[in-house]
Every structure is written in structure tokens, then in C-alpha cells.
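Close look at the chain arrangement
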Amino acid sequence: MKRIFTSLLFCAVTVFAFAQTGTVSGTLTDGDTGEPVLGATVIIKGTSNGSISDFDGSFIINDVADGSQTIMISYIGYQTQEIAVEVSRGENASIGNVIFLSNAIGLSEVKVIASVATTRRTPVAVSTLKAEQIEMKIGSQEFPEILKSTPGVYATKEGGGFGDGRINVRGFSSENVAVLINGVPVNDMENGRVFWSNWAGLTDVTSIMQVQRGLGASKVAVPSIGGTINIISKATDFEKGGHVYVAGGNDAYSKIGFSLSSGLTENGWAFTVNGSKTQGDGYVDGTEFLSYAYYANIAKKINDQHEITFTAIGAKQRHGQRGDQSLLVDYENSDRDIKFNPDWGYKNGQLVHIEDNFYYKPQYSINHYWNINTSTRLSTSAYVSTGTGGGGGTLGDNKFNNADYRVDGLVDLDRIVEENQAVIDFGAVSILRASRNDHKWYGLLSSFTKEIGSFSFLAGLDLRYYKGEHFREVTDLLGAKYWLDDDDINDPVHAARVGDVIDYHNEGIVNWAGGFLQMEYNEDKLAAFVTLNASNTSYKRVDFFNNLNSDPGQEVGGFDFFGFGVKGGANYNLTNNHNLFANIGYFEKAPGFDAVFPNFTNEDPNINAENQKITSYELGYGFRNPSFSANINVYRTLWEDRTYTDFFSGPNGEELVANILGVNALHQGLEIDAIWRANRSLTITGMASIGDWTWENNLENLGIFEGNTQVGEVDAFIAGLHVGDAAQTTIAAGLSYKLMKDLRLSVDYNYYDNLYANYDPTDRSDESAKGIEAWKIPAFGTFDLNATYDFKLSGFNASLYANVYNVTDEKFVMDAQDGTSHDAFSSRVFYGYGANWNLGAKIRF
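Everything numeric here is computed off the predicted structure, so don't read it as measured data.

Observations concerning the overall build of the protein chain
Helix and strand content of the protein chain: seven helices and 53 strands. Taken against the 2.2 N^0.38 rule, which gives 28 Å for 845 residues, the C-alpha radius of gyration of the protein chain at 30 Å falls within 12% of a compact globule. Taking the principal axes of its C-alpha atoms as reference, the protein chain extends roughly 120 × 60 × 55 Å. Burial status across the protein chain gives 53% buried among its 845 residues. The long-range fraction of contacts in the protein chain, counting pairs at least 24 apart against all pairs at least 6 apart in sequence, stands at 68%. When the accessible area of the protein chain is evaluated, it comes to approximately 35800 Å², of which 56% is carbon and sulfur surface. Computing the positive centroid from 64 side-chain charges and the negative centroid from 102, the protein chain places the two 11 Å apart.

Spelled out as C-alpha cells, the structure:
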């Protein structure tokens, strides 16, 4: 009996003890992506009692003493949060859904300037990559390649040189895909292109990389026909720390780097600096490279209303290039196979890049964030970008592509040197030169936001000034004493030496003045916006070679072109799991600089160049629950009056330039992406993008008139032909599995089909070729493997990253220019990389 009594007493005490405690639960959500946060630490302050958030972001802490408690939530890269909660004995206290915010100073404000899209709120098709995803898989890939599993994206290494990668979104090339870094546009002001080698260190400092397909959420007037790539760099961290990084890979690839953050001091200052050096021989022959990259961010939190940040980013690099595509037979005849590169050789035993690229384009910006009151904000960014450098090539007799001047597939530069030296007076017949494009770019971007109830009103200003200086210079006389240049009217007999300006010398000046207005509504289940933007682009040209210094015509312009856009959209959250969104827009894009000066002189500028007209709309559906999320959307983009010009002889034999109107393309398709978090260890991703991108109409007997006199006609038989240069069908699947606490393995598969060789539609003037498609490149797929291992090293957190790309060593063509017979034999191509690898290690402190 005594034993029974003792047992009952023990049970009663135990029940009473448990009755004195309760539980605390909640969920954690990423404030940037809206996705659940896995692995965050949640503890009761002042105790060791805690929990780790699950794959669906949920957590529960048992045995919490009753009364007032403080919950501490922490995770790397996010602000530590403390939440007060009242715990009642025997009951659960829920803190609901906690939004996790970045621990970087000024990052949330930058996202406003940059128009970062938010899941289940911003009505656009969007894909977001975070720093840890980039860190795991970027390895030695080109920056655009990290997006290759994104719907609508086609990214390649193009010629295979360092930083020579390119990206298409929904079939539109980089000239029509806006790229923003912290909200600042970086597409070239003259031609719209983006050269990724200029931003070689950007992968090390990217906090968020977001692809907004279609018109996107950007408020400023940018060339987002295909989409917008929004890159947000890491801001200064609240906490002190840093890391060192080292990596190696195939073909002598090596990289070393570091990062250091001061943390926020008591007087409100903080800084972060990054630096790296990357070098290697290149996978493709003759593409050796060397790059130095840096990044700095200095922040000053003046008070609760004012904050100032200064950011500097740059990469000085030089790399050999494979500038010329080759026939398939050229690769087959070379013992170097897909690594074959015709654009290099040896001179006196030293390697010489015939085609190369060298550039340095730093960007500096100062941002001021002013919280005027709880409902009013003013954000301003002033920036400067300077560029110096260019690309190498040849001039004179084209012996470099002559088979007689090749030894073992390489250019016989020693023979060219001998022939130059055999010329009387040692005047060069063939030389190496560089085409330079130095520039200065100044800009101001400012936005004022006022919130009134469920409405938010925004007005902004976008000012830019750009001056590009274009010229060629002698880089190697190849044994000669001089190059006789007669292209400068001010110095018609110029014996040019190395470093001298030759061939052409001019400046392109672009003045841009733009403004934008936006109204947003966000209440309960409905979020909507309407945006208006307008800009005036003014072009001016100065020609130092074709016009005498005394000639007033040496400088012409400015010629003004007005562009505008209107777009709107809405997202409706049907339930906590389902949402619908739609957007529609129309904008007119001003013609580019070369369309206004198509003959590259100041004579007869094309002042009547037409705007390009774009109409786009899309409809989408999203599903979210703790373990599974999916998106599906359809889009339709009509591109009218693409910029094309041609030359004709006038009534008196003079050369005339004409705008060719009516070249229209229709890009439409279906995009699906999904992610399934099966459990804490297993995540499966998938994507499918099915495009149908075609030219809309033929141009038949299109008359070209000078006054009332017809001076020519244009034919282009392109109706129904597929647009080239990007795979219209892409499929991706990925699997990530956590084998143990600190080891995660992942495999990714990418498949490409309906890829047509690139071509100029206005060259399709032969009616006999009507309806004949460009060469359709064979479909292909690649597997990539990644392993990430986290461990402790002398008390420091460390990680190993191993990547193998194209594990099966698939041989495939990724880029092609259509040939005269529209087949594999006449088309010129670039192959993609075979199997290649990268191994990196990072130690954090």
C-alpha cells in the first residue's frame, strides 16, 4: 500500500509540475521571398530551452514556464528578433507568423528603389535567388548561368571566354533585358548591351538576384521587353564578422577572396569590404584570364530618420576571347575538338591573344534614405560609372583567318612578322589593334513615397548623362615600324605607332531625363498597382576623324526621342494557399544610338528613327503551403517596328538611309515552376518553359521613298519563322538531399530544345527561301552535381563547396549563326563546355 501511495504521489507531482508549464509555437517567413525559413534557432531568453524551425518554417518549444517570457529568434544573415509572449500553464501560446528581415543596414530601403517583387503581392512572374544559393552553386560558372534553371531564361558562355556569357529572357537578348544593380540601370546607354566581365566580382557580394519576367515591377523606364534582372548587393551588416575564401578548378582556375564587416558602432557607422583575385587558363584554348574585383559599402545611421550609404564596386580584368564562330568541320578537323579557338597564336615563343577583352568599369553610388514620418519617405541615389578598355582584333590584310598562315591550327604570327619586316620602310601590312570604348556616366535616381491608408503614392526622377569615347589604337605592329593611317582628315598621312589612335575617333553623348508615377493599393487579399513613366533621350555625336576641327559639323545633335510606358497589374490572394495575378502594359522604346547614326558618321543622321512599340500581358496562378509551392503563368508580348535600317542610292546617286518599319515579332508561352520540401532533408524543384516566338509578317515590295521618288524596296520573307538565338523549350529538375546534419548533395538537370540559329530577318529577301526555318540546333541536356559540407575549423564556421558541371561530358552546340543553306554544315557555332569542376572553401569569423 505504501508503494502504491508513493507512486500516486509521484504522478500527482509530475502532473502538477507539467501543469505549471506551457508551449510556445509559431512560423518563420523570409521577408524577401515569402518562403518559410528552415533551421532558425528559437529559444526562451535566459534559458537553454529552445527549438529549430522545421522545413515549413514552424517551431514549437515545450516546457515553457508560465508567465511573461521573451522569445529570441536568430539565423545567419537575418536580424535577431525578441518577441514578448504570455505563457499560461497547460496551454499553447502562439506568436503567429514572424517575418524575418535582413540584418544588413539599408538593404530594405535599396529594395524599394530597386522595385524588388514580393511573393503573393507583386503581380509579376518572378524568380528569386538568395546569397546562399548562389554561394553553393556558382563555382566557376558565368554570372548569368546561375539563372539557367529559371523559367524563360537561356544563358550561355557564348565564345567561352571569362565573363563573355550572355542571357536571353523569353527570347529577348540583353539589349532588351533590363539589368539593375541596387536599382541603378547598367545597360549600355548607346547599345543597351550588358558585358558581364565588367561585373566579375558581383557574385561574391550579391544578397538577392531576382528575375522579373515580362514588363516587371521596375518603376523607371528601362528596356524590359523580355524582363528585368534585379541584383541587390550585400549591404553593411549590423554584426561584426567576415570570411576568407579560396577555390580551384579545371584548367588552372584559382580564386582567393575575403570579406570584412565592422558591425554597427555606437556612433552609427559601419562598413563592409570585399576583395578577390581570379585567374586561369580558360576551358577554351587561348582564353587565359586575370581579374581583380572589389566591393565596399560604408553606412552611417545618423538617426531614426536619416541614413547614408556609400557603395563602390568594380572589377579590372583582361581575358583572351574566342571571338569567331567556326564551322562544325573546323572543330572536327582540330585535335582540340570543342576547345578549338582560331583567335590566338605565338609570337617569338610568347602567347598572343588576337581577340581579347580588357576593361575596368567601377561604379560608385551614394544613397540617402529619409524617413520623413511614418507614412512618408524620400530615397535618393546619386551614382557615377567610368569605363576604360576595349577589345582586341586585327587590321590590314586578313592573314589571320587564312589557312596558309596556320601551324597546328594556330595563327603563324612569326610569319606575319617576317612579311611585315620585308616591306620597304617597314610599314605594316597586318597589325593587331584594340577597339576602345571609354565612357563616363553620371546619374540621379530619386523617389518620394506617401502612404495614405491602403494606398501608396510614388513619384520619382531619373536623370542620366553619358559620354562614350570610341576609337581604335595600335596594340602590336607585328615587327613593323609603323602603320600608315589615312582615316583622320585632320592628319591624313599618319605613321602610327603602338598606342596611337587610328581608323576612327568619335564621341557619343546621351542625355536622359525621365520621370515616373506609381499608385499602389494593398488591402487584405488584394494588391494592385498602376505605373506611368516617360523619358526623353537626346543624342549628340562628335566626329574627330571625318570632320575638320574647323568644321561646325564636327558636332551634331542633340536629337530628341520621347519614350513612355504605362503598365498595371493586380494580385488577389484567394486563400492562404492560392493566388491569382495579372498584368498588362504598353511602352514605346526610343531608338538606339546606332539607329540615329547608322552610317557611323555625322552625315545624314536618321532623325526620323521610329520608336519600337511593345504590348505585353500575362496571367498567373500561385499555390503555397508549408511543404509545396508552384507557379504557372502564360504571357504574350508583341514587339512592333523593331529597329532596322538599310541604305539606298538617292535620285542623284547620294547615299540614303531608310527606316524599315513593320518588322514585328510575337513572343508567347507558358511557364511553370515548383518546389517540394518533402521533409527536413529532401527538396525537389522543377521548371518547364514552353515558348512560341515567331516573326509575325512578311515585308513584300515595301517601297522606300525620298520625297515622292521611290529609291528602293525591301523584301523580308519571315512570316511564321521562329525567332533564333534562344531555346524556346527549357526544362529543369533538381534534387537536394541532406545526407547528414552538415552535408548536403544536389543534382540539377537542364534540358533545351527548339533552339534555332540566330539570323537577321531583313536578310531573308530571297522568296525562294520563303518558309525555310533557320537551322534547328539538336536538343541537349546537362547534369550538374553539387556538394556542400559545413564544419568547424579551430572554432570557426567553415564550408566546402564542390561542383561538377556537365557531369556526363555531353557535347552540344549552344550558340549558332545561321548559314546560307540553313543547315548544320553552313552554320557557324560555339560549343558549350564539356565536363568541368570547381572546389571552394570558406571560413567565417
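Structural notes on helix α6 (residues 413–421)
Of the positions making up α6, those classed as buried are L413, I416, V417 and N420. When α6 is viewed along its axis, its buried side chains cluster within an angular range of 105 degrees and face the same direction. For α6, the secondary structure elements touched by its buried residues are β23 (344–347), β24 (350–353), β29 (410–412) and β30 (430–452).

A word on the nonpolar core
Residues Y154, W695 and V829 are the most contacted members of the largest nonpolar core, which totals 40 residues. Put simply, the parts of the chain that give this core at least two residues each are α5 (328–333), β43 (682–695), β45 (709–716), β47 (743–756), β51 (813–817) and β52 (828–831). Among the nonpolar cores identified, the runner-up in size contains 25 residues, and I138, V179, V205 and I313 belong to it.

Regarding the side chain of D188
As for its position among the elements, D188 is in the loop between β13 (184–185) and α4 (202–205). K361 is the oppositely charged side chain nearest to the buried, salt-bridge-free D188, at an N-O distance of 6.4 Å. Side-chain polar atoms of D188 contact the backbone nitrogen of E190, separated by 2.7 Å. Polar contacts involving the side chain of D188 include one to the main-chain amide nitrogen of N191, which spans 3.1 Å. Setting aside residues up to four positions removed in sequence, D188 forms contacts with R193, N437 and Y466.

A look at unusual backbone geometry
With an omega dihedral of -5 degrees, the bond running from G557 to G558 counts as a cis peptide bond. For G558, the location among the structural elements is in strand β36 (residues 555–573). A positive phi angle is found at N182, which is not glycine, with a value near 55 degrees. Inspection of the secondary structure assignment puts N182 in the loop between β12 (177–181) and β13. Of note, the phi angle at N754 is positive, near 55 degrees, even though the residue is not glycine. Examined against the element boundaries, N754 turns out to sit in strand β47.

Section: the pattern of salt bridges
Under the criterion given, the structure shown has 31 salt bridges. Note that E135 is salt-bridged to K842, the shortest N-O span being 2.3 Å. One end of the pair, E135, is in helix α3 (residues 131–137); the other, K842, is in strand β53 (residues 836–844), with 707 residues separating them in the sequence. Residue E135 is classed as partly exposed on the basis of its relative accessible area of 24%. One salt bridge in this structure joins R764 and D818, with 3.4 Å as the shortest N-O distance. With R764 in the loop between β47 and β48 (776–777) and D818 in the loop between β51 and β52, the pair connects residues that are 54 residues apart, well separated along the chain. When salt bridges with common partners are traced through the structure, they connect R170, R213, E618 and E671 into a single cluster.

Some remarks on the packing of aromatic side chains
Aromatic rings in a pair are described by how distant their centres are and how their planes are angled relative to each other. Counting across every chain of the model gives 25 aromatic pairs. Geometrically, the ring pair formed by F172 and W639 is tilted, given 5.4 Å between the ring centres and 55 degrees between the ring planes. Of this pair, F172 sits in the loop between β11 (166–169) and β12 while W639 sits in strand β39 (residues 628–640), and the two are 467 residues apart along the sequence. In this pair, the class of F172 matches that of W639, namely buried. Here the aromatic rings of Y383 and W441 are separated by 6.4 Å at their centres, their planes lie at 65 degrees, and the arrangement is edge-to-face. You can see Y383 sitting in strand β27 (residues 376–396) and its partner W441 sitting in strand β30, a full 58 residues away along the chain.

Structural notes on empty space enclosed by the protein
A water-sized probe, rolled over the atoms, reveals where empty space remains. Considering all chains together, one arrives at seven cavities of 30 Å³ or more under this definition. Estimated volume of the second largest cavity: approximately 190 Å³. Lining the second largest cavity are 16 residues; nearest its centre among them are E145, K148, K157, T782 and F812. A per-class count over the lining of the second largest cavity returns seven nonpolar, five polar and four charged.

Quick look at the sheet that holds β52
Taken in spatial order, the three strands make up an open sheet running β22-β52-β51, and their pairing is antiparallel. Of all the strands in the sheet, just β22 (326–327) and β51 have a single pairing partner and so form its edges.

What about the side chain of T278?
Relative to the helices and strands, T278 resides in strand β19 (residues 269–280). Using a relative accessible area of 8% as the deciding quantity, one classes T278 as buried.

Quick look at the sheet that holds strand β14 (residues 206–213)
Backbone-to-backbone hydrogen bonds join strands into a sheet, with any given pair of strands oriented parallel or antiparallel. Pairing within the open sheet is mixed, and its five strands lie in the order β9-β14-β15-β12-β13. Here the strands that pair on one side only, and so sit at the sheet edges, are β9 (125–130) and β13. Where β12 lies against β13, two bridges are found, and the strand directions are antiparallel. Within the sheet, the bridge partner assigned to L180 lies in β13 and is P185.

Concerning the confidence of the model for the protein chain
Summary statistics for the protein chain give a mean pLDDT of 90 and a share of 92% for residues scoring 70 or more. For residues 5–19, every residue scores under 50 in pLDDT, and the model assigns this stretch three contacts once sequence neighbours within four places are set aside.

With respect to the pairing of β19
Strand direction decides the pairing type here: strand β18 (residues 253–261) and β19, joined by eight bridges, are antiparallel. Considered in β19, the bridge of G257 is made with S276. Summarising the sheet, β19 and strand β20 (residues 289–301) pair through twelve bridges and their orientation is antiparallel. By the bridge assignment, K277 is partnered in β20 with Y292.

What about the environment of A495?
Here A495 lies in strand β33 (residues 494–496). Take A495: its relative accessible area is 30%, and that puts it in the partly exposed class. Each C-alpha atom, one on A495 and one on I52, is 74 Å from the other, the two residues being 443 residues apart in sequence.

Some thoughts on the environment of A726
Note that A726 resides in the loop between β45 and β46 (727–740). Here the alpha-carbon distance between A726 and G171, two residues 555 residues apart in the chain, equals 5.6 Å. Those residues within four positions of A726 in sequence are excluded, and the remaining contacts are Y154, N168, G171, W693, N754 and L755.

Some details on the pairing of β47
Sheet topology note: the β46/β47 ladder contains twelve bridges and is antiparallel. Bridging across to β47, I731 finds its partner in Y751. The turn joining β46 and β47, which pair antiparallel and follow one another in sequence, is formed by two residues. As judged from the ten bridges shared by β47 and strand β49 (residues 780–793), these two strands associate in the antiparallel manner. The residue of β49 that forms the bridge with Y751 is G781.

Parameters and conventions
Residues numbered from 1 in each chain as written. Predicted model: local features only at pLDDT ≥ 70, side-chain atom pairs only at ≥ 80, totals over all residues. Heavy atoms only, no water. Helix = DSSP H or I, 4+ residues; strand = E, 2+ residues; numbered from the N terminus. Rg over C-alpha atoms; globule rule 2.2 N^0.38 Å. Buried < 20%, exposed > 50% of the residue type's maximum accessible area, 1.4 Å probe, protein only. Contact = heavy atoms within 4.5 Å. Areas by Shrake-Rupley, 256 points an atom, 1.4 Å probe, with all protein chains shown as cover. Lys, Arg positive; Asp, Glu negative; His and termini not counted. Charge placed at Lys NZ, Arg CZ, Asp CG, Glu CD. Arc of directions from axis to C-beta. Core = buried A, V, L, I, M, F, W, Y, C linked by side-chain atoms within 4.5 Å. Salt bridge = Lys/Arg side-chain N within 4 Å of Asp/Glu carboxyl O. Polar contact = N/O pair within 3.5 Å; in protein donor to acceptor, adjacent residues only side chain to side chain. Phe/Tyr/Trp six-rings, centres within 6.5 Å; stacked < 30°, edge-to-face > 60°. 1 Å grid on protein atoms, 1.4 Å probe; cavity = no way out; pocket = protein on both sides within 12 Å on 5 of 7 lines; lining within 4 Å. Points joined across faces, edges and corners; volume = space filled by probe spheres on them. Nonpolar A, V, L, I, M, F, W, Y, C, P; charged D, E, K, R; others polar. Pairing = 2+ DSSP bridges. pLDDT = per-residue confidence, 0-100.

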